[in-house]
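# Reading the structure
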Amino acid sequence: MRLSRSARVALLLTAGYAGLLLLSVVWGTASIPPAHAFKVLITEMGWGENHSVPELQRFLILQVRLPQGLLLGLVGAALACSGAALQATFENPLADPGILGVSGGASLGAVLAIHSGLADSLFLALPLCACLGGFLASLLVYALTYLGGRPSGPTLLLTGVAVGSMSVAGVSLVMVVTEVHRVQELLFWLVGGVRNQTWDHLALAGPPIAFGVGGLLLLHRRLDALQLGEEQALAIGIPVVWTRLWILVLTALATGAATAVSGGIGFVGLMVPQILRRLVGSRSQPLLVCCITGGAAFLLACELISRSLTERFSLHLGILTSLLGGPTFLLVLRKTRERRS
Amino acid sequence: MTTAPPLLATHLTHRVDGQTLLDDVSLSLAPGSISALLGPNGAGKTTLIRLLAGIAPPTEGEIFLGENRIRQLSRVVIARTCAYLPQRTDSRFDPKVEDVVLLGRYPHLGRLGTLTKNDLDRVAWALERVGLFPLRHRHLATLSGGERQRVFLARALAQEAPILLLDEPATALDIGRQIELMTLLTELSQDGHTILASLHDLRLALEFFPRTLLLDRGKLVDDGPPESVLLGQPLEAAFGVRLQAGQGYGISCVAPPWGVQNQR
């Protein structure tokens, strides 16, 4: 049977992610022979016994690199799907959880949870505060945009930028009043990355991201309608206000959980859907499916690039995605203006 | 298709930001009737159509869809009965023609949104009716304004609703496509569809619509067969143009003296 174009793209991206995951396991500051990596993975899956691999390598593979590679995949999928959904929801190809202030709000929520000591005393307080921060930020953007009468794409975007800046200012403020030795810990929320994360973080972020992305997938027809404009969506019977609110909750959940384990990684939600729209079209169902694997592969690839550069420049993952994302934003802006004129 | 319930509006008034867009408009659309909505720019045509389609609730007054008050019905229930065609047909994204038309099936889909053969057949039928079946795989951005307008009309037809509320469906069409559209609307009304379409071309109203409604500055100022509405005093006051009975289309247009325009 001949597969559809989007199915082929999705399969290719899945294979790409799997390949990158293996690469990320064997390659790093301490390089591990691929044969050792395979042996460890096969042993771990219960196929045969093997004790020839040094314990340190086993630890690196199973407790550091594998969970980090999987976590990056999860975060990439969450951000890319949130970006695609927000673009459709607000009928704006420039929307992204970072640009719309969702990530900023989530960072602020997380930093406040750490600073207040809530994160140390209450289990799950950190991711909950991150999700709540993300949701409040997007709700604020939504309310501010819509209270002023008929909303427009640029108003929404600029409101998002303003709310995002306020959140970042909030994060900076918390950092300023924090004792010097803890600043390093908080800096993570501004630049993003997964350097110290473990299986626990994967278990923490997995369920909310799965719920958020799964929910968005269920709403795919509503997303298709919303990207044609509010009037068209209303015309075919979609309760637009409630649907938008639901989509904000789901994206805040996914983005908040992603931010809780990886800090503020920007622009993934802009770049991945933009590239994939070109490959598989703008129907939300295939687009979201491809965003899951595409976002995962993209973020892991960025991490590998950042890993290869870090020895010389110390280029964090979040900084790298922003470096790539800025020019993408400008390109999309240019194309959007061309189409309108 | 289910049979059309009568659509009844009583004393509709709509205000936005202190501006009165509609002022005490009452009308009823009988099942299977076909009516043209005329009026100068800013007269409230779009507002009236949006209210009738239940897109926005009126500030005052009530709309009945059969027995039910429309503000008590859910969006999806309304959409199964009323297909509303908005004026705007552009998109910042670039969907395929058939994907846009497929969205018309939304109110009939189950919770999981799975499509049946019936859905696909109806989409193909709608594309066929507007003459766009050969273009179904094209992307919206590659179409002309008139073709895009027909894509969204097909979306409304795919909705399988017995009441069609069309906001300027003919504006971007050339004369040939306009006449095709009017023939299509006439056929649909013979099948039992209730149709209300706002128009700018008075000749189309005269040729194809047995009933004409005239809005002027938010008020319904005339309602009747086009022969009388087009020659009536309210139309002259609304547009600042006097029409005369004559040859050709039966009516010829006469430019107003400047004084008439200045009074408006």
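Our structure's up above, just so we're on the same page.
Parameters and conventions
- Residues numbered from 1 in each chain as written.
- Chains lettered and ligands numbered in written order.
- Predicted model: local features only at pLDDT ≥ 70, side-chain atom pairs only at ≥ 80, totals over all residues.
- Helix = DSSP H or I, 4+ residues; strand = E, 2+ residues; numbered from the N terminus.
- Buried ≥ 20, exposed ≤ 12 C-beta atoms within 10 Å, placed from the backbone.
- Contact = placed C-beta atoms within 7 Å.
- Expected span 1.5 Å × (residues − 1).
- Bend = angle between axes of the 7 residues up to and from the residue.
- Axes fitted to C-alpha atoms, helices over the stretch in contact; angles between N-to-C directions.
- Parallel < 35°, antiparallel > 145°, perpendicular 65-115°, else oblique.
- Left-handed = near helix turned anticlockwise from the far one by under 90°.
- Pairing = 2+ DSSP bridges.
- Core = buried A, V, L, I, M, F, W, Y, C linked by C-beta atoms within 7 Å.

In terms of helices and strands, chain B carries 10 helices and 12 strands. Seen through its C-alpha atoms, chain B measures out along the principal axes to roughly 60 × 40 × 35 Å. Looking at chain B as a whole, 44% of its 264 residues are labelled buried. Sequence-distant contacts, at least 24 apart, represent 65% of the contacts inside chain B between residues at least 6 apart.

Structurally, the position occupied by Gly214 of chain A is in helix α9 (residues 199-218). C-alpha separation for the pair Gly214 of chain A and Val289 of chain A, spaced 75 residues apart in sequence, amounts to 9.9 Å.

Our next topic: helix α3 (residues 55-89) of chain A. All names here are of chain A. Counted at 1.5 Å a residue, the expected span for α3 with its 35 residues is 51 Å, and the 49 Å between its end C-alpha atoms agrees. Taken as a whole, α3 carries its principal kink of about 35 degrees at Ile61. Along α3, 26 of the 35 residues are buried, which leaves the element largely enclosed by surrounding structure.

All names here are of chain B. Among the structural elements, Cys82 can be located in strand β6 (residues 82-85). Looking at Cys82, the number of C-beta atoms within 10 Å reads 28, which means it is buried. When the C-alpha atoms of Cys82 and Ala154 are compared, they prove to be 14 Å apart, with 72 residues separating the residues in sequence. Residues contacting Cys82, with those up to four places away along its chain left out, are Ala53, Gly54, Ala161, Ile163 and Leu165.

Our focus in this paragraph is the packing of α3 of chain A against α9 of chain A. Residue and element names in this part refer to chain A. Running from N to C, α3 and α9 cross one another at 25 degrees; their axes reach a closest spacing of 10 Å. Taken together, the axis directions place α3 and α9 in an arrangement best described as roughly parallel. Of the two possible hands of crossing, α3 and α9 adopt the one that is left-handed. On α9, the residues touching Pro67, Leu70, Leu71, Leu74, Ala77, Ala78, Cys81 and Ala85 of α3 are Trp199, His201, Leu202, Ala205, Gly206, Ile209, Gly212, Val213 and Leu216.

Working definition: the strands of a sheet are paired by backbone hydrogen bonds and lie parallel or antiparallel to each other. All names here are of chain B. Ordered by their spatial adjacency, 6 strands build an open sheet running β6-β7-β8-β3-β9-β10, and the pairing between neighbours is mixed. Lying at the two open borders of the sheet, with one neighbouring strand each, are β6 and β10 (219-224). For this sheet the average axis-to-axis angle between neighbouring strands, irrespective of direction, equals 15 degrees. With 4 bridges connecting them, strand β7 (residues 163-166) and strand β8 (residues 194-198) associate as parallel partners. Residue pairing across strands places Ile163 opposite Thr194, the latter belonging to β8. Helix α6 (residues 175-190) rests against β3 (34-38), β7 and β8 of the sheet, and its axis sits at about 150 degrees to β8.

Moving on, we come to the sheet that holds strand β2 (residues 19-29) of chain B. All names here are of chain B. Reading across the sheet, the 4 strands line up as β2-β1-β4-β5 and stay open at both edges, with antiparallel pairing between neighbours. Of all strands in the sheet, those bounded by a partner on one side alone are β2 and β5 (68-69). Bridging between strand β4 (residues 60-65) and β5 involves 2 bridges; their strand directions are antiparallel. Residue pairing in the sheet places Phe64 in a bridge with Arg69 of β5. Packed onto the sheet, helix α1 (residues 45-52) meets β1 (7-16), β2 and β4 and runs at close to 125 degrees relative to β1.

Residue and element names in this part refer to chain A. Ranked by internal contacts, the top residues of the largest apolar core, which has 179 residues, are Ala78, Cys81 and Cys291. It is α3 that contributes the most residues to this core, 17 residues altogether. Filtering out sequence-adjacent residues up to four positions away, Ala78 remains in contact with Ile209, Gly212, Val213, Ala254, Thr255, Ala257 and Ala258.

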